[in-house]
Amino acid sequence: MVDITLDQDKKDFIAEIEKLSGQKIMRCYQCGRCSAGCPLADYMDLLPNQVIKYVQLGLDKEVLECNTIWVCAACYRCSVVCPKDIDIARLMEALRLLILRDDIEKMDINKIKKEEYAELPQIALVASMRKYTS
Amino acid sequence: MEIAYYPGCTLRTSAKNFESSSIAVADHLGITFKELSQWNCCGTVYSLASDDLMKHLAPVRVLIRAQEDNKENGLDNKLVTLCSMCYNTVKMANHLVKNDEEKLDTINQFMDEEPDYEADVNVLHFLQLLDEIGIDRIKENTKKSLEVLNLACYYGCYLLRPEEASIDEEPEAPSIMERIMEAAGARTIDYPFKNECCGSYLTVTEKKYTAERTYKIISSVVNRGADAIVLSCPLCAFNLDRRQKQAKELHANMKSIPIFYFPQLLGLAFGINSNELGFNMHYVDPRPLLKEKRLIKR
């Protein structure tokens, strides 16, 4: 017989994500509308619905390694089409924060070329720093 | 009529023409934008974490300034914004504290150097204000019809999502910008990307993604016969205008089109001097199109 119950550490991970995002992740039934609508899905290694499935399975290490959470631009397209009312943008933010709150930074402002830096609007720089640094 | 106004950072740098044209258009319609006596960056993105109130302090501080200024100036308790990102961040933070007394209380206690926020400011986007003032007023003020222009109105994300922030009753099929541009005589097209993301801040670290988005959006509107895009977000404007350079490197056949802030074209329709409208600040120069359509002389 196959045992599909989750270990306690996996349950803890799911509970942490649900708390941080304020979303009931286990509601997802994998309809895929989030991925179908995502404007940046082409660049993601895990599709948004797969990210949700990984979280449901408590695959913390695997899901935190995906590039999806950093490609997501929080446009809320997925959130408004979810038939189960999961605000997926908040799930993505929770996953980013699990990494960023360990003091890991995902962007280095010094790597932006001077001429590009001068041309970028502040809203782009501030938003980027808000999403990629802690 | 006077209304409290929050500019936000980008309107003082890359989107100066958005501000100057908005103020000129508002002025023309008898609305005076009264800039907040003090303001700070709103943080540009609304925090999506359920446990972190710190990130909401900046927009709430802006709201407190609006509340206090409005009291002092005897104005209706409203705040108008231009930048879509500021609009969304301030609007959503306002929504949060209006509906969560405990969080409002925590924020007020933390910012004990400020007066308490009473959660009573009404945050508006300039498009809503124009719609409120009335399509008829825009029609009456239109001296030079924009009928020669076929426009694609681009909303992006933050004027429409989340639902609580939407400036249109139908966030999935918005028409507020079309109504306003059509009142000034313009023709508008319908197309599938008007409420889809431009790639947003990924333009900083992943230029290619925003260039591809730009290519998709622009090809779509060009195929449907648009002469130009009109929008309201300085980040969408940057991506759809400046990133045409990278988009062209990836897709040599892409046709370039100008990207306008909506008040720039309303200003032309109202007969406002084009010097105030900042057509010199674009990457894709809009002046050849405007000359060809006889909307400007030189």
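Quick notes on the rules
Residues numbered from 1 in each chain as written. Chains lettered and ligands numbered in written order. Predicted model: local features only at pLDDT ≥ 70, side-chain atom pairs only at ≥ 80, totals over all residues. Helix = DSSP H or I, 4+ residues; strand = E, 2+ residues; numbered from the N terminus. Buried ≥ 20, exposed ≤ 12 C-beta atoms within 10 Å, placed from the backbone. Contact = placed C-beta atoms within 7 Å. Pairing = 2+ DSSP bridges. Axes fitted to C-alpha atoms, helices over the stretch in contact; angles between N-to-C directions. Domains from an automatic or database assignment. Nonpolar A, V, L, I, M, F, W, Y, C, P; charged D, E, K, R; others polar. Right-handed = clockwise from strand over helix to strand, strands pointing away. Core = buried A, V, L, I, M, F, W, Y, C linked by C-beta atoms within 7 Å. Left-handed = near helix turned anticlockwise from the far one by under 90°. Parallel < 35°, antiparallel > 145°, perpendicular 65-115°, else oblique.

1. Some points on the overall build of chain A
1) Next: Helix and strand counts for chain A come out as 9 helices and 0 strands.
2) Next: In sequence order, chain A lays out its α and β elements as α-α-α-α-α-α-α-α-α.
3) Next: Its C-alpha atoms give chain A principal-axis dimensions of roughly 60 × 30 × 25 Å.
4) Next: Buried positions account for 43% of the 134 residues belonging to chain A.
5) Next: Restricting to contacts in chain A with at least 6 residues of sequence separation, those with at least 24 account for 64%.

2. Structural notes on the overall build of chain B
1) Next: Of regular secondary structure, chain B possesses 13 helices and 8 strands.
2) Next: Dimensions along the principal axes, computed over C-alpha positions, put chain B at roughly 60 × 45 × 30 Å.
3) Next: Within chain B, the proportion of its 298 residues that are buried is 53%.
4) Next: Nonlocal contacts in chain B, meaning residues at least 24 apart in sequence, comprise 79% of its contacts between residues at least 6 apart.

3. Section: the sheet that holds strand β7 (residues 228-231) of chain B
Residues and elements named next belong to chain B.
1) Next: Pairing is parallel in the open sheet, where 4 strands are placed in the order β6-β5-β7-β8. Because the sheet does not close on itself, it has two edges, and the strands there are β6 (187-188) and β8 (259-261).
2) Next: Bridge count between strand β5 (residues 150-153) and β7: 3 bridges; the pairing is parallel. Within the sheet, the bridge partner assigned to Cys153 lies in β7 and is Val230.
3) Next: On top of the sheet, helix α10 (residues 234-242) reaches β7 and β8; it is set at about 160 degrees to β8, its chief contact.

4. Focus on the domain arrangement of chain A
All names here are of chain A.
1) Next: Annotation of chain A at the domain level lists domain 1 (8-102) and domain 2 (106-134).
2) Next: If you average the C-alpha positions of domain 1 and of domain 2, the two centres end up 24 Å apart.
3) Next: The partner domain 2 presents 4 residues to the 4 residues of domain 1 that form the contact.
4) Next: Partitioning the side of domain 1 that touches domain 2 into residue classes produces 2 nonpolar, no polar and 2 charged.

5. Details of the pairing of β5 of chain B
Residue and element names in this part refer to chain B.
1) Next: Across 2 bridges, the pairing between β5 and β6 is parallel. Counterpart to Leu151 in the pairing with β6 is Thr188.
2) Next: Between the parallel pair β5 and β6, the chain is carried across by helix α7 (residues 176-183), and the sense of this crossover is right-handed.

6. Digging into the environment of Lys78 of chain B
Residue and element names in this part refer to chain B.
1) Next: Along the chain, the position of Lys78 falls in strand β3 (residues 78-81).
2) Next: The spacing of Lys78 and Leu149 is 71 residues in sequence and 33 Å in space, taken between C-alpha atoms.
3) Next: Residues contacting Lys78, with those up to four places away along its chain left out, are Ile3, Ala4, Asn122 and Leu124.

7. Some thoughts on the sheet that holds β3 of chain B
Residue and element names in this part refer to chain B.
1) Next: With respect to topology, 4 strands assemble into an open sheet ordered β2-β1-β3-β4, the strand pairing being parallel. Every other strand in the sheet has two partners, leaving β2 (32-35) and β4 (122-125) as the edge strands with one partner each. Within this sheet the neighbouring strands show an average axis-to-axis angle of 45 degrees, counted without direction.
2) Next: Two elements, strand β1 (residues 2-6) and β2, share 4 bridges in a ladder whose sense is parallel. Its bridge partner being in β2, Ile3 is matched across the sheet by Phe33.

8. Section: the nonpolar core
1) Next: Within the largest apolar cluster, 135 residues are counted, with the highest numbers of intra-cluster contacts made by Met181, Ile229, Val230 and Leu265 of chain B.
2) Next: Contacts of Val230 of chain B, omitting those with residues within four sequence positions, involve Leu151, Cys153, Tyr154, Met177, Met181, Phe260, Phe262 and Leu265 of chain B.

9. Here we look at the domain arrangement of chain B
When the parts of a complex come together, some accessible area is lost, and that lost area is often taken as the interface size.
Residues and elements named next belong to chain B.
1) Next: In terms of domains, chain B is made up of domain 1 (2-126) and domain 2 (134-292).
2) Next: Each of domain 1 and domain 2 was reduced to a C-alpha centroid, and the two centroids are 24 Å apart.
3) Next: Across the contact, 22 residues belong to domain 1 and 25 residues belong to domain 2.
4) Next: Taken together, the elements giving at least two residues each to the side of domain 1 that touches domain 2 come down to α1 (16-28) and α3 (84-98).

10. Details of the packing of helix α1 (residues 8-21) of chain A against helix α7 (residues 88-100) of chain A
Residue and element names in this part refer to chain A.
1) Next: α7 packs onto α1 with a crossing angle of 115 degrees between their chain directions and a minimal axis gap of 8 Å. Between α1 and α7 lies a crossing of right-handed hand. Between α1, through Ile17, Leu20 and Ser21, and α7, the contact on the second element is made entirely by Arg90, Leu91, Glu93, Ala94 and Leu97.
2) Next: Taken together, the residues of the contact of α1 with α7 break down into 5 nonpolar, 1 polar and 2 charged.

11. Details of unusual backbone geometry
Residue and element names in this part refer to chain B.
1) Next: Of note, the bond from Arg161 into Pro162 is cis; its omega dihedral lies within 30 degrees of zero at -10 degrees.
2) Next: In this structure, Ala119 is a non-glycine residue whose phi angle is positive, near 55 degrees.
3) Next: Note that Ala119 resides in the loop between α4 (101-110) and β4.
4) Next: The backbone of Arg294 sits at a positive phi, close to 55 degrees, despite the residue not being glycine.
5) Next: Topologically, Arg294 is positioned in the segment after α13 (287-292).

12. With respect to the environment of Ile64 of chain B
1) Next: Here Ile64 of chain B shows up in helix α2 (residues 57-73).
2) Next: Setting aside residues up to four positions removed in sequence, Ile64 of chain B forms contacts with Glu114, Pro115 and Tyr117 of chain B.

13. What to know about the packing of α2 of chain B against α3 of chain B
All names here are of chain B.
1) Next: For the pair α2 and α3, the least separation of the axes is 9 Å and the interaxial angle reads 85 degrees. What the angle tells us is that α2 and α3 run roughly perpendicular. Residue-level inspection shows Pro59, Val60, Val62 and Leu63 of α2 in contact with α3, the latter providing Thr89, Val90, Ala93, Asn94 and Val97.
2) Next: Looking at the contact of α2 with α3, its residues break down into 7 nonpolar, 2 polar and no charged.

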